[in-house]
Amino acid sequence: MPLASILEKHRERIIKDWVEHLHTAVSERYSARPLEELYSTVSGANYASFAVLVHNDYSLIDAHIERITGLRLKGDFALSEVQHAYELYRTVVLPIFLAELTPSEL
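Residues numbered from 1 in each chain as written. Predicted model: local features only at pLDDT ≥ 70, side-chain atom pairs only at ≥ 80, totals over all residues. Heavy atoms only, no water.

### Section: the overall build of the chain
Thought 1: The number of helices and strands found in the chain is six helices and zero strands.
Thought 2: Of the regular secondary structure in the chain, the N- to C-terminal order runs α-α-α-α-α-α.
Thought 3: In summary, the chain has a C-alpha radius of gyration of 14 Å against a globular reference of 13 Å for 106 residues, a match within 12%.
Thought 4: Summarising its shape, the C-alpha atoms of the chain cover approximately 40 × 30 × 20 Å along the three principal directions.
Thought 5: Going through the 106 residues of the chain one by one, you find that 36% of them count as buried.
Thought 6: Within the chain, counting contacts between residues at least 6 apart in sequence, those at least 24 apart form 64% of the total.
Thought 7: Across the chain, 10 positive and 15 negative side-chain charges occur, with their mean positions spaced 3 Å apart. (Helix = DSSP H or I, 4+ residues; strand = E, 2+ residues; numbered from the N terminus. Rg over C-alpha atoms; globule rule 2.2 N^0.38 Å. Buried < 20%, exposed > 50% of the residue type's maximum accessible area, 1.4 Å probe, protein only. Contact = heavy atoms within 4.5 Å. Lys, Arg positive; Asp, Glu negative; His and termini not counted. Charge placed at Lys NZ, Arg CZ, Asp CG, Glu CD.)

Here you go:
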């Protein structure tokens, strides 16, 4: 199955799991953020990550990282917290890729 199809098929699950991890496992500051805000920022990050993986287009993720980093640093988040938030994408999608892709596709 093409990567784009896998990411589209699991879009809602990816966003939900990413938000859940952000809200419960990254830091007190992320846990304190409203879920609606996290869904909004994670949806944007997911869209931008799709563009990187499917179209090799880094412009959206670069813009998203710049916007979110500025927002979070103004809110006294450590840069490592922001980096951890983005790293969660890999944590969330890897099990999906393992289930959906053949070893050669991985």
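### Quick look at the nonpolar core
Nonpolar side chains in soluble globular proteins tend to end up buried together.
Thought 1: Counting residues in hydrophobic clusters, the biggest one holds 28 residues, and the most contacted among them are Ile14, Trp18, Leu22 and Tyr30.
Thought 2: Contributions of two or more residues to this core are made by α1 (3–9), α2 (11–26), α4 (35–55), α5 (59–74) and α6 (79–100).
Thought 3: At nine residues, the largest contribution of residues to this core is made by α6.
Thought 4: Setting aside residues no more than four positions away along its own chain, tyrosine 30 makes contact with Leu22, His23, Leu38, Arg72, Phe77, Glu81, Val82 and Ala85. (Core = buried A, V, L, I, M, F, W, Y, C linked by side-chain atoms within 4.5 Å.)

### Some details on the layout of surface pockets
Thought 1: The volume enclosed by the largest pocket comes to roughly 180 Å³.
Thought 2: Every residue lining the largest pocket is listed: Trp18, Ser49, Val52, Leu53, Ile61, Ile65, Tyr86, Glu87, Tyr89 and Arg90.
Thought 3: For the lining of the largest pocket, the elements supplying multiple residues, two or more each, are α4, α5 and α6.
Thought 4: It is α6 that provides the largest number of residues to the lining of the largest pocket, a total of four residues. (1 Å grid on protein atoms, 1.4 Å probe; cavity = no way out; pocket = protein on both sides within 12 Å on 5 of 7 lines; lining within 4 Å. Points joined across faces, edges and corners; volume = space filled by probe spheres on them.)

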